[in-house]
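Remarks on the overall topology
The residues making up each chain are set out below.
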Amino acid sequence: MEQVLRRKLHAYLVENNPDLLISLQEESKLGDYLDTLIQLVQPTIDQMLLDGKPPYLVQEYCLEEVTKELRPSKFHYIRSVLEEEFEPQLLQLQNESGILLYEIINLINACNPVFDKYNFSSLEEENRYLHYEITGAIKEYFERKIA
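As a starting point, this report considers the structure included with it. (Residues numbered from 1 in each chain as written. Predicted model: local features only at pLDDT ≥ 70, side-chain atom pairs only at ≥ 80, totals over all residues. Heavy atoms only, no water.)

Re helix α8 (residues 128-146)
Note: α-helices contain 3.6 residues per turn, so residues at a spacing of three or four share the same orientation. Compared with an ideal rise of 1.5 Å per residue, which puts 19 residues at 27 Å, α8 spans 27 Å between its outermost C-alpha atoms and is within 8% of the ideal. Taken as a whole, α8 has its buried residues at Leu 130, His 131, Ile 134, Thr 135, Ala 137, Ile 138, Tyr 141 and Phe 142. With its buried residues spanning 165° around the axis, α8 presents them on a single face. The outward face of α8, more than 90 degrees from its buried face, is lined by the exposed residues Arg 144 and Ile 146. The elements touched by buried residues of α8 are α5 (74-85), α6 (87-95) and α7 (99-117). Its side-chain oxygen at 2.7 Å from the backbone nitrogen of Tyr 129, Asn 127 defines the N-terminal cap of α8. (Helix = DSSP H or I, 4+ residues; strand = E, 2+ residues; numbered from the N terminus. Expected span 1.5 Å × (residues − 1). Buried < 20%, exposed > 50% of the residue type's maximum accessible area, 1.4 Å probe, protein only. Arc of directions from axis to C-beta. Contact = heavy atoms within 4.5 Å. Polar contact = N/O pair within 3.5 Å; in protein donor to acceptor, adjacent residues only side chain to side chain.)

Details of helix α3 (residues 30-50)
Along its 21 residues, α3 runs 29 Å from first to last C-alpha, staying within 8% of the 30 Å computed at 1.5 Å per residue. Taken as a whole, α3 carries its principal kink of about 45° at Val 41; the proline Pro 43 stands between one and four residues after it. Here α3 has its buried residues at Leu 30, Leu 34, Leu 37, Ile 38, Val 41, Ile 45 and Met 48. (Bend = angle between axes of the 7 residues up to and from the residue.)

Examining the pattern of salt bridges
Applying the stated criterion across every chain, the model contains 8 salt bridges. Notably, a salt bridge pairs Asp 35 with Arg 6, separated by 2.3 Å at the nearest N-O pair. Of this pair, Asp 35 sits in helix α3 while Arg 6 sits in helix α1 (residues 2-16); the two residues are 29 residues apart in sequence, bridging distant segments of the chain. Exposure remark for Asp 35: the relative accessible area of 33% places this residue in the partly exposed category. A residue is classified by how much of its surface remains accessible, and Arg 6, at 23% relative accessible area, is partly exposed. Its salt-bridge partner being Glu 83, residue Arg 79 comes within 3.4 Å of it at the nearest N-O pair. On the criterion of helical spacing, the pair formed by Arg 79 and Glu 83 is a turn pair, its members being 4 residues apart in helix α5. (Salt bridge = Lys/Arg side-chain N within 4 Å of Asp/Glu carboxyl O.)

As for the environment of Leu 50
Here Leu 50 is to be found in helix α3. Here Leu 50 falls in the exposed class, since its relative accessible area comes to 71%. Distance in space between the C-alpha atoms of Leu 50 and Ser 97 is 49 Å, their sequence separation being 47 residues.

What about the nonpolar core?
Nonpolar side chains in soluble globular proteins tend to end up buried together. By size, the foremost hydrophobic cluster in this structure holds 23 residues, and its most contacted members are Ile 78, Leu 82, Phe 115, Leu 130, Ile 134, Ile 138 and Phe 142. Secondary structure elements with two or more residues in this core: α5, α6, α7 and α8. Of all the elements, α7 adds the most residues to this core, at 7 residues. Ignoring anything within four residues of it in the chain, the contact list for Leu 82 reads Glu 87, Leu 90, Ile 104, Leu 107, Ile 138 and Phe 142. In this structure, Leu 21, Leu 24, Val 41 and Leu 63 belong to the second largest nonpolar core, which totals 18 residues. (Core = buried A, V, L, I, M, F, W, Y, C linked by side-chain atoms within 4.5 Å.)

Spelled out as structure tokens, the structure:
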């Protein structure tokens, strides 16, 4: 059960939080991070299995629990702003082999003060002022890159 949950958590990070995944890999802390998250839900796993819950429900519930703090995805948010507001730059980055992922990670870092200001959460994800400020921060990032 734990190994399946570990694989699903890793896949979640690849899809939704590649910035965190790469950071953990660079620091050789990915295994410890995954182990810690699984240990947090181990009592829940044990109890749900004792209660006769099917393994797939246990996995879904526990994955949902351990990824709460990782949602919403800043990676997906930045990507959607790029698609909406910076299509030419996005297309250029897509044409440069392998660079898009790293540029989005750089943009997340550049936009973190704005995310922090709005306490980025699912409640704030639709906030138009957040969108405006993120758009401005991305514009500044691209202007600095060109200069």
